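# Overview (structure and organization)
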Amino acid sequence: MLRRTILKTLVAATCALAISTSAQAELKGSVNYIIPFGPGGESDISARFQQPFFKEKFGQDLVISYKPGGGGAVGWASLNGLNGDGHTIMGVNLPHIVIKPAQKDVGFKTEELNTFHMFHFTPDAIVVTADSPYKTLQDLIDDAKANPGAVVMSGSGKASANHLAQIKFDKMAEIKTTYVPFKGTGAAVTALLGKQVKAEWGYTTVGAKQGDAVRMLAVAMEERHPLFPEVPTFKELGFDMIGGAYRGIALPNTASADTKAMWSKMISEINTDPVFRQKMLDGGFAMLDVDADQMDEFMKARTEEYLKDAKEAGLIK
Amino acid sequence: MNNSPVIQGRLGSLIVTAFFFIAGIVALYDTTSYSDTDSQVFPQTVAIGLILFTSISLITQFLKPSESEGFGSGIWWRRALLIVTMLLACAAMPYVGFLPAGAIAFAGGLIAAMHDRWSARTVLVYWGSGIVVMVAFFTLFKFALQVPLP
Amino acid sequence: MDFGSFLSALTLLNIALALFGVVAGTIIGSIPGLTATMAVAVLVPITFSMEPASALILLGAIYTGAIYGGAYAAILLNTPGTPSAIATTFDGYPMAKRGDGDLAVALACFASVFGGLVGALALLFLAPPLASVALAFGPVEYFWLSIFGLSLIASLSSGNLMKGLVGGAFGMLLSTVGVAEISADIRLTFGSQTMIGGFDVVGALIGLYCIPVLIDLCAVPDRHLKVEEGVQKVRIGEAARIAMKSKFNLVRSSVIGTLVGILPGAGGSVAGLVAYSEAKRTAKPEQKFGEGEPDGIIATESANNATVGGGFIPTLVLGIPGTPPDAVILGALLVQGVRTGPSLFQEGGSIVYTFIYGLLIATVLMLPAGLLIGRYAYKSIVTIPKAVLVPAVGFMTIIGTFAIRNSISDVIIMICLGVFGWVVGRFGFAASPIVLGLILGPIAEQGFVQSWTIGAATNNLTGMFFGRPISQAIVAFTLLTLLVPFMIARKQRKAELEAKA
């Protein structure tokens, strides 16, 4: 036990050393990791997954705090006023950071956020209860065609990933469903399990968390999720839908280039840890490795797509 | 002389009710700019309710004046000192840091609430305990609870 | 039941953790601004290096302690330390003012322990069946539940119903300020960026309840709380007798607390308010709620501690957190690799049972620990000279409000709201209706909009709002609460007339 601890400390020390020599920036104490939502959501849980790995690899505490309000806007609007010395980071979410500022003035702009790494995404999925009459996606489409508007689906929030997916899918399948926004994925799942709605626009994480209680009809991924080999992708079923909610981390824009590079490297290192990857996959997440160098390109492509979808949906002008 | 608190109570009550009435109107006007009916229906209903309740309240107050206590006989400069120093502390916090800013509020509150004569002993004990309380809380929040205090 | 998990809960480490958790939680909960959620969130990383069951026991003990600790500030400073203790202020502060603060604190401790035990026992024996309560509550039920909570305004503002209603409506408007929770509009900010986040409930509570007390305290030279000179005997016995006499109230409030705790959209504040409302509705004529009635404290405190056990039911059975602290604990569990679900309860000797026994032990430990800390808290608040008390509490409100979202503008909003609350309070608009509106407004709004959307989609609006049995029951209770006081008053008037004739 003691030997293992010593070994771990040694490894951590060498890692820290490697980091501090490769870049001038270094960590001098614990890091404040702000989640701009309340606890219990996907953003919180993925941050909690990172927490022990960060401590193990870099020897510093990653302190998670919550700054909820305005669907994340309160946190993001305050980000650039925070200390940019690398000891304060904040979670960022797509499509939130694109759609919110496009709708109204919420105190920040998409391009002002200094995002340095996108580390995972939760693919969109249609979820039904285990005893639902919808066995396949086609069953749901057939019902919606026969009774326009009567297929009521819950989801998390308006103008959110869930809502955009619903609008996009309705258009593709030429159906009309009713979307009921709830406060967060947890509430949307509760409504599904309580049979208040017929289906839910959720994420693969819902399938992982609820296990046998629910069934996913399709997931919006390139290939099937390793945790759910039996669930088809939308693509297989003829709908070109790949996407979901993407999560990453940003620094205040006063942070130096070195600090940014250091952070990008550190998060990449956690992200490539096989144990971490396995934990995330078991939780239903899908991994993503967009580091600081690829960020501009990634953000540009995503932003264009979200704005186009939102415009078509009438959510923004 | 006995009459003035009663009049203050009645008049103040009318003014406060009128303020709520205006708040209802403003809120109702604000709802017209919302783009989503889902976010419109609730504040609209509540604003109309508020306008309705305040109207009834105003009418009944004219018929039967309200018996509220008014501001009472407290000392105004003490109240003002407490609040002003607390706000001052907030304004100063980003520049001077949390502890010095908190000390401003503490000093203000201490002077505001001190009704006895200062003696050498009370000066020492009160200000001393103030410093102890502040440092203790600061340490608890900053280091045990890891709140990023400025 | 399996004794294996009971014994593993009884290890020295686990008992020490439970005791530490209860004490730390009580202290944290008693500081306005430091909520159970925050206390639990800060301690999660410590638990990564522990056994899952021990970690859960520590987190659960902190949670239950914090909910109890909220009562101190409510009773002694008229400021709910956590939102769960709102209704504790209604009778607790009047009791403290007339010199019964020590009695109130002891009562709160007995009620909290009892409620905590009921909630934990429900979790132990009935968790899987009770979890279905969480699912039976749809948007409509939440809507009606919030209306039921709002009906408390009528009975709180006896003598001036209109002013109460005005306050309630204003509170609901305050709750809409900022970016709308589920739709995307920005409401009532008037272009100000600081208002985008809206009014944080905890900050608003501190402002509306605590600042007026401070303003009044420093304006006049009187003592803060009345102290009975010479009476130095411990009033635990008296508190125990009162609690025993109100056993029916205790049981009912604990059951209400457990059930409301199961509902993911409600929480301790709603549980306390509902239990208080029920206690008041069934009160004997000589009981004066709102003026220092011990039954008011018993109802609130037993109900809010029962939500701890109740809230764990959907968390552990369905993976849906019952309350915000549960959400943090659920996250910690996922990281530990514990999968929630009914199977957790079926596998004998699993960590869940160890945890539940740990929670029970922690609740029992809260009795001595709570009484001890309570006495100390009472003594220090009573004996500290006012000149030190006011600035110390003022400093606490600043640091506590800042800690909620690490934001200075929240502190400024808190102070301004406090001054506003003090001014309107002086003219008959009490803080409690505003707070009720602020807390229940969002529940009412979301429930209404969701029900309306679903009802319209299925062409069944009336059926949606009035056709469901649970809704009908809540509507009936609401009507009872609203009408019973009127009927009693009418009967009394009739009796008086007859006596005269």
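Residues numbered from 1 in each chain as written. Chains lettered and ligands numbered in written order. Predicted model: local features only at pLDDT ≥ 70, side-chain atom pairs only at ≥ 80, totals over all residues. Heavy atoms only, no water.

Attention shifts here to the domain arrangement of chain A. All names here are of chain A. The domain architecture assigned to chain A consists of domain 1 (2-121 + 244-313) and domain 2 (123-219). If you average the C-alpha positions of domain 1 and of domain 2, the two centres end up 29 Å apart. Contacts between the two partners involve 21 residues from domain 1, matched on the other side by 15 residues from domain 2. Carbon and sulfur atoms make up 62% of the surface buried where domain 1 meets domain 2, a total of about 1,300 Å² over both sides. A salt bridge links lysine 168 to glutamate 305; the shortest N-O distance between them is 3.2 Å. (Domains from an automatic or database assignment. Contact = heavy atoms within 4.5 Å. Buried area = accessible area lost by both parts, 1.4 Å probe. Salt bridge = Lys/Arg side-chain N within 4 Å of Asp/Glu carboxyl O.)

Turning to the interface of chain C and chain B, a few remarks are in order. Each side of the interface is counted separately: chain C has 64 residues, and chain B has 70 residues. Taken over both partners, the interface formed by chain C and chain B buries close to 5,800 Å², and the fraction arising from carbon and sulfur atoms is 83%. On the chain C side of the contact with chain B, Phe395, Arg426 and Phe427 of chain C bury the most area, a combined 12% of that side's loss. Put simply, chain C and chain B have 0 salt bridges between them. Inspection of the region where chain C meets chain B yields 9 residue pairs in polar contact (both at pLDDT 80 or more). Within the side of chain C that touches chain B, the residues separate by chemical class into 50 nonpolar, 8 polar and 6 charged. (Polar contact = N/O pair within 3.5 Å; in protein donor to acceptor, adjacent residues only side chain to side chain. Nonpolar A, V, L, I, M, F, W, Y, C, P; charged D, E, K, R; others polar.)

Another point: the pattern of salt bridges. Residues and elements named next belong to chain C. With the rule as written, the count across this model stands at 22 salt bridges over all chains. A salt bridge links arginine 281 to glutamate 278; the nearest nitrogen and oxygen atoms lie 2.8 Å apart. Here arginine 281 pairs with glutamate 278, and both are found in helix 12 (residues 268-281), just 3 residues apart, close to one helical turn. In this structure arginine 281 comes out as partly exposed when scored by relative accessible area, which is 22%. (Helix = DSSP H or I, 4+ residues; strand = E, 2+ residues; numbered from the N terminus. Buried < 20%, exposed > 50% of the residue type's maximum accessible area, 1.4 Å probe, protein only.)

Let's shift gears to empty space enclosed by the protein. All names here are of chain A. According to the stated counting rule, one finds 6 cavities of 30 Å³ or more in the structure shown. The calculated volume of the second largest cavity comes to roughly 130 Å³. Residue lining of the second largest cavity: 14 residues in total, with Asp124, Lys168, Gly243, Gly244 and Asp309 positioned closest to the centre. Of the residues contributing to the lining of the second largest cavity, the split by class is 7 nonpolar, 2 polar and 5 charged. Counting residues domain by domain, the lining of the second largest cavity receives three or more from each of domain 1 (2-121 + 244-313) and domain 2 (123-219). (1 Å grid on protein atoms, 1.4 Å probe; cavity = no way out; pocket = protein on both sides within 12 Å on 5 of 7 lines; lining within 4 Å. Points joined across faces, edges and corners; volume = space filled by probe spheres on them.)

This brings us to the domain arrangement of chain B. With domains assigned, chain B is organised as domain 1 (3-63) and domain 2 (76-144). For domain 1 of chain B versus domain 2 of chain B, the distance between C-alpha centres works out to 37 Å.

Moving on: the pairing of strand 7 (residues 199-203) of chain A. Moving residue by residue along a regular strand, the side chains alternate between the two faces of the sheet. All names here are of chain A. Buried residues dominate strand 7, accounting for 5 of its 5 residues. Here strand 7 shows no split at all, with Ala199, Trp201 and Tyr203 on one side and Glu200 and Gly202 on the other all buried. Here strand 4 (residues 114-129) runs beside strand 7; their pairing, made up of 4 bridges, is antiparallel. Counterpart to isoleucine 126 in the pairing with strand 7 is tryptophan 201. In the sheet, strand 5 (residues 152-156) pairs with strand 7 via 2 bridges, with the strands oriented parallel. When the sheet's bridge partners are listed, methionine 153 is paired in strand 7 with alanine 199. (Pairing = 2+ DSSP bridges.)

The next thing to look at is helix 3 (residues 76-96) of chain B. An ideal rise of 1.5 Å per residue puts 30 Å on 21 residues; helix 3 of chain B measures up with 29 Å between its terminal C-alpha atoms. The largest bend along helix 3 of chain B reaches roughly 30 degrees and is located at cysteine 90 of chain B, with the proline proline 94 of chain B sitting one to four residues downstream. Along helix 3 of chain B, the residues that are buried comprise Arg78, Arg79, Leu82, Ile83, Thr85, Met86, Ala89, Cys90, Ala92 and Met93 of chain B. Lining the buried residues of helix 3 of chain B we find helix 4 (98-113) of chain B together with helix 9 (201-219), helix 17 (386-405) and helix 18 (408-426) of chain C. Following helix 3 of chain B by one or two positions, glycine 97 of chain B has its phi on the positive side, about 95 degrees. (Expected span 1.5 Å × (residues − 1). Bend = angle between axes of the 7 residues up to and from the residue.)

Looking now at the environment of phenylalanine 345 of chain C. All names here are of chain C. Tracing the backbone through its elements, the reader meets phenylalanine 345 in helix 15 (residues 343-346). In this structure the C-alpha to C-alpha distance between phenylalanine 345 and phenylalanine 125, which are 220 residues apart in sequence, comes to 9.8 Å. If we ignore the near neighbours within four places in the chain, the residues touching phenylalanine 345 are Leu123, Ala127, Pro128, Leu316, Val317, Val352, Tyr353 and Ile356.

Note that the residue after leucine 94 of chain A, namely proline 95 of chain A, is joined by a cis bond; omega there is 5 degrees. On the secondary structure map, proline 95 of chain A appears in the loop between strand 3 (88-94) and helix 4 (96-103). Even without being glycine, asparagine 406 of chain C reaches a positive phi, approximately 50 degrees. With a relative accessible area of 17%, asparagine 406 of chain C lands in the buried category.

In this assembly, 44 residues from chain C lie in contact with 44 residues from chain A. A buried area of about 3,500 Å², summed over both sides, lies between chain C and chain A, and 63% of it is on carbon and sulfur atoms. If you sort the residues of chain C by the area they bury against chain A, Ile182, Val335 and Arg405 of chain C come out on top, with a joint share of 15%. The interface formed by chain C and chain A includes 1 salt bridge. Here lysine 104 of chain A ties to aspartate 185 of chain C by a salt bridge, and the two come within 2.6 Å at their closest N and O atoms. Inspection of the chain C/chain A interface yields 8 residue pairs in polar contact (both at pLDDT 80 or more). Where the side of chain C that touches chain A is concerned, the elements lending two or more residues are helix 3 (36-47), helix 5 (86-136), helix 14 (324-336), helix 17 and helix 19 (431-457) of chain C. Considering every element that reaches the side of chain C that touches chain A, the biggest residue donor is helix 14 of chain C, with 7 residues. Partitioned by chemical class, the residues of the side of chain C that touches chain A number 26 nonpolar, 13 polar and 5 charged.

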